[in-house]
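Working through the structure, step by step
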Amino acid sequence: MKNTETDKYWMAQAIELAKQAEAENEIPVAAIVVKDNKLVASAYNQSIQLHDASAHAEILAIRKAGQALNNYRLVDCDLYVTLEPCPMCAGLLVHSRIKRLIYGASDAKTGACGSILNLVNHPQLNHQIDTTAGILSDVASAQLSAFFKRRRAEIKQQKKALKAQMLEK
């Protein structure tokens, strides 16, 4: 398989996994670590259910991959993630020595791999990561947009119900 087809395949797997996060009312972001075109580890966001701001998909997947490979250095591993990593996750990718980062949707608010800053290719750091952006971005973006649209509607409905309760008293 060519790189583009391989990238689309693994990103589609990550997008499918992100549905599990959404089913648990987490932001639908998932990450997959691959080595030699074989799945090493995968995870999805769990910050809400674990009450842990660091429980991003990338961090959980990197932890699992380190355990699976018996090494905190993930040399020759690729990371597929549905949303551009934030600064916290980008720093982790550099420290873990990820070879390639492939992400779907860009993040104009917290993206640290090219959107608002680029930590994974900062020349002063001791490791730079080959990055491919925009793989299946339309699907990944739509998934995230639909989630936030639903959450905003739920919050609006909750506020409306609360207001009605207060008027009854």
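Residues numbered from 1 in each chain as written. Predicted model: local features only at pLDDT ≥ 70, side-chain atom pairs only at ≥ 80, totals over all residues. Heavy atoms only, no water.

By the naming in an unreviewed UniProt entry, the protein is tRNA-specific adenosine deaminase, taken from Catenovulum adriaticum. Listed in UniProt under the heading Sequence similarities (unreviewed entry), the comment for the protein reads: "Belongs to the cytidine and deoxycytidylate deaminase family. ADAT2 subfamily." Checking UniProt for the protein, the heading Catalytic activity (unreviewed entry) contains the comment "adenosine(34) in tRNA + H2O + H(+) = inosine(34) in tRNA + NH4(+)". (UniProt positions renumbered as here; feature names shortened; annotations may be inferred.)

By size, the foremost hydrophobic cluster in this structure holds 38 residues, and its most contacted members are L79, I98 and L101. Broken down by secondary-structure element, the contributors of at least two residues to this core are α1 (3-23), β1 (30-35), β2 (38-44), α3 (57-69), β3 (77-83), α4 (87-96), β4 (100-105) and α5 (137-168). Residues in contact with I98, not counting those within four places in the same chain, are I62, L74, C77, L79, L93, H127 and I129. With five residues, the next largest nonpolar core counts L17, A18, A21 and A30 among its residues. (Core = buried A, V, L, I, M, F, W, Y, C linked by side-chain atoms within 4.5 Å. Buried < 20%, exposed > 50% of the residue type's maximum accessible area, 1.4 Å probe, protein only. Helix = DSSP H or I, 4+ residues; strand = E, 2+ residues; numbered from the N terminus. Contact = heavy atoms within 4.5 Å.)

Okay, unusual backbone geometry next. Even without being a glycine, N25 presents a positive backbone phi close to 65°. In this fold, N25 is placed in the loop between α1 and β1. For L136, which is not glycine, the phi torsion reads 55° and is therefore positive. Counting through the fold element by element, L136 comes out in the loop between β5 (130-133) and α5. You can call L136 partly exposed: its relative accessible area is 24%.

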